[in-house]
Amino acid sequence: MKQKGKVPTGQGRVSARPRRAGELASDRTGAKNLMVVGSVALDTVKTPFGEVREVLGGSAAFFATAASYFTSVSLIAVVGEDFPEQHLTFLRERGIDLSGLERRPGKTFRWQGEYSYQLNEAKTLKTQLNVFESFRPQVPASYQSPRMLFLANIDPDLQRSVLEQVKRPRLVACDTMNFWIDGKRDALVRLLKDVDVLLINDGEARALGKDPNLVVVARAILASGPQILIIKRGEYGVLMFTGDGVFAMPAFPLEAVKDPTGAGDCFAGGFMGYLARTGDLSEHALRRAVVYGSVMASFAVEAFSLDRLRVLDDKDIETRFGAFKQMMIFEEL
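Residues numbered from 1 in each chain as written. Predicted model: local features only at pLDDT ≥ 70, side-chain atom pairs only at ≥ 80, totals over all residues. Heavy atoms only, no water.

Topic: the packing of helix α1 (residues 59-67) against helix α8 (residues 263-278)
Okay, so step 1: Close contact between α1 and α8 brings their axes to 7 Å; oriented N to C, the two are set at 40°. One element, α1, and the other, α8, form an angle in the oblique class. In terms of crossing hand, the pair formed by α1 and α8 is right-handed. Contact with α1, carried on its side by Ser 59, Phe 62, Phe 63, Ala 66 and Ala 67, involves Asp 265, Cys 266, Ala 268, Gly 269, Gly 270, Met 272 and Gly 273 of α8 and no other residues of that element.
Okay, so step 2: When grouped by side-chain class, the residues that make up the contact of α1 with α8 number seven nonpolar, four polar and one charged. (Axes fitted to C-alpha atoms, helices over the stretch in contact; angles between N-to-C directions. Helix = DSSP H or I, 4+ residues; strand = E, 2+ residues; numbered from the N terminus. Parallel < 35°, antiparallel > 145°, perpendicular 65-115°, else oblique. Left-handed = near helix turned anticlockwise from the far one by under 90°. Contact = heavy atoms within 4.5 Å. Nonpolar A, V, L, I, M, F, W, Y, C, P; charged D, E, K, R; others polar.)

As structure tokens, then:
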């Protein structure tokens, strides 16, 4: 592990820093317990409740931060020479291994979006891929045996290339989007044959399954390879389909929702982080993981970027888990 120090400008890997002592009571002994491949970006976001410019964003940053509350996380992504040191410091302080984060000459991936009061879907105003446009994930030797792997939303051919660089993890999950469903369906379908868990939103599920009915869609997708399908439905919660049945979790009722950006990735981080921490892949554990994913997503939307997760602690998480449980309890007839 490289020593802590200033990240050099120019091409190379970003130095990693050990976790701070006593960070969590959970088991984090697996140095490469969970790996994520995706984007680290600078976001400019406007909602009816405020506006922020060039804040920390990207699927891998959201996922890794949420997952870091449960287990050790390794991150593979790319940033430009303009990426702020303060964001790297935050990720390191969360115990995230940044040995796989490349810094290249050029500018960091930037996304700008705006939400209406509906908050279900952002209107993209500007996308600047910059160094992310030529991103070809290279898995460091020390990363090549992850226990669990999350392939965040990138080109399915790149997701496939990551799978080919690692020893088969115990659990592989991935995300995708309509751009790839419409433009690279064949590559995505091939990838899904080697994926255990697919996490997508309801619109993406209908596009992939070619049917408006989510139950019909789930049956088709599960037949194509994944054993578990999780459909994120925003303010309406989440559905999990497995061979053993269906599990539905409502969204947590919140008084203040400021920014839904990254909520889906935080859900995935909580879901995968819990499974990586326990090593339990039973139906009961999967359902608990869905609740923990919902917990992390519910916190993420309470502030812009990762600001709410910056001040989160284990007690907050367990308290909200209990609130979810209380919300779902009912007596038999």
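Considering the nonpolar core
Okay, so step 1: Grouped together as the largest cluster of nonpolar side chains are 66 residues, with contacts concentrated most on Val 40, Leu 75, Ile 230 and Phe 271.
Okay, so step 2: By residue number, the principal contributor to this core is helix α9 (residues 283-300), which donates eleven residues.
Okay, so step 3: Counting 37 residues, the second-largest nonpolar core is a separate cluster that includes Val 162, Cys 174, Leu 198 and Ile 200. (Core = buried A, V, L, I, M, F, W, Y, C linked by side-chain atoms within 4.5 Å. Buried < 20%, exposed > 50% of the residue type's maximum accessible area, 1.4 Å probe, protein only.)

Regarding the packing of aromatic side chains
Aromatic ring pairs are reported here in terms of the distance separating the ring centres and the angle at which the planes meet.
Okay, so step 1: Applying the stated criterion across every chain, the model contains ten aromatic pairs.
Okay, so step 2: Aromatic pair Phe 49 and Tyr 117: ring centres 5.9 Å apart, planes at 85°, arrangement edge-to-face. Remark: Tyr 117 occurs in the loop between β7 (110-114) and β8 (123-128) and Phe 49 occurs in the loop between β3 (41-47) and β4 (50-57); sequence separation between them is 68 residues.
Okay, so step 3: When the centroid spacing of 4.4 Å and the interplanar angle of 25° are considered together, the rings of Tyr 292 and Phe 321 count as stacked. Here Phe 321 lies in helix α11 (residues 314-328) and Tyr 292 lies in helix α9, a separation of 29 residues in the sequence. No difference in accessibility class separates Tyr 292 from Phe 321, as the two residues are buried.
Okay, so step 4: Taken together, the ring pairs connect Phe 70, Tyr 274, Tyr 292 and Phe 321 into an aromatic cluster.
Okay, so step 5: Arg 277 extends its terminal NZ or CZ atom over the ring of Tyr 292, reaching a point 6.0 Å from the ring centre.
Okay, so step 6: Above the plane of the ring of Phe 299 lies Arg 320, whose end atom (NZ or CZ) is 4.0 Å from the centre. (Phe/Tyr/Trp six-rings, centres within 6.5 Å; stacked < 30°, edge-to-face > 60°. Lys NZ or Arg CZ within 6 Å of the ring centre and 35° of its normal.)

Comments concerning the pattern of salt bridges
Okay, so step 1: Applying the stated criterion across every chain yields a total of 15 salt bridges.
Okay, so step 2: The salt bridge partner of Glu 54 is Arg 110, with a shortest N-O separation of 2.6 Å. Taken together, the positions of Glu 54 in strand β4 and Arg 110 in strand β7 put the pair 56 residues apart, joining distant regions of the chain.
Okay, so step 3: Given the relative accessible area of 38%, Glu 54 is considered partly exposed.
Okay, so step 4: You can call Arg 110 buried: its relative accessible area is 13%. (Salt bridge = Lys/Arg side-chain N within 4 Å of Asp/Glu carboxyl O.)

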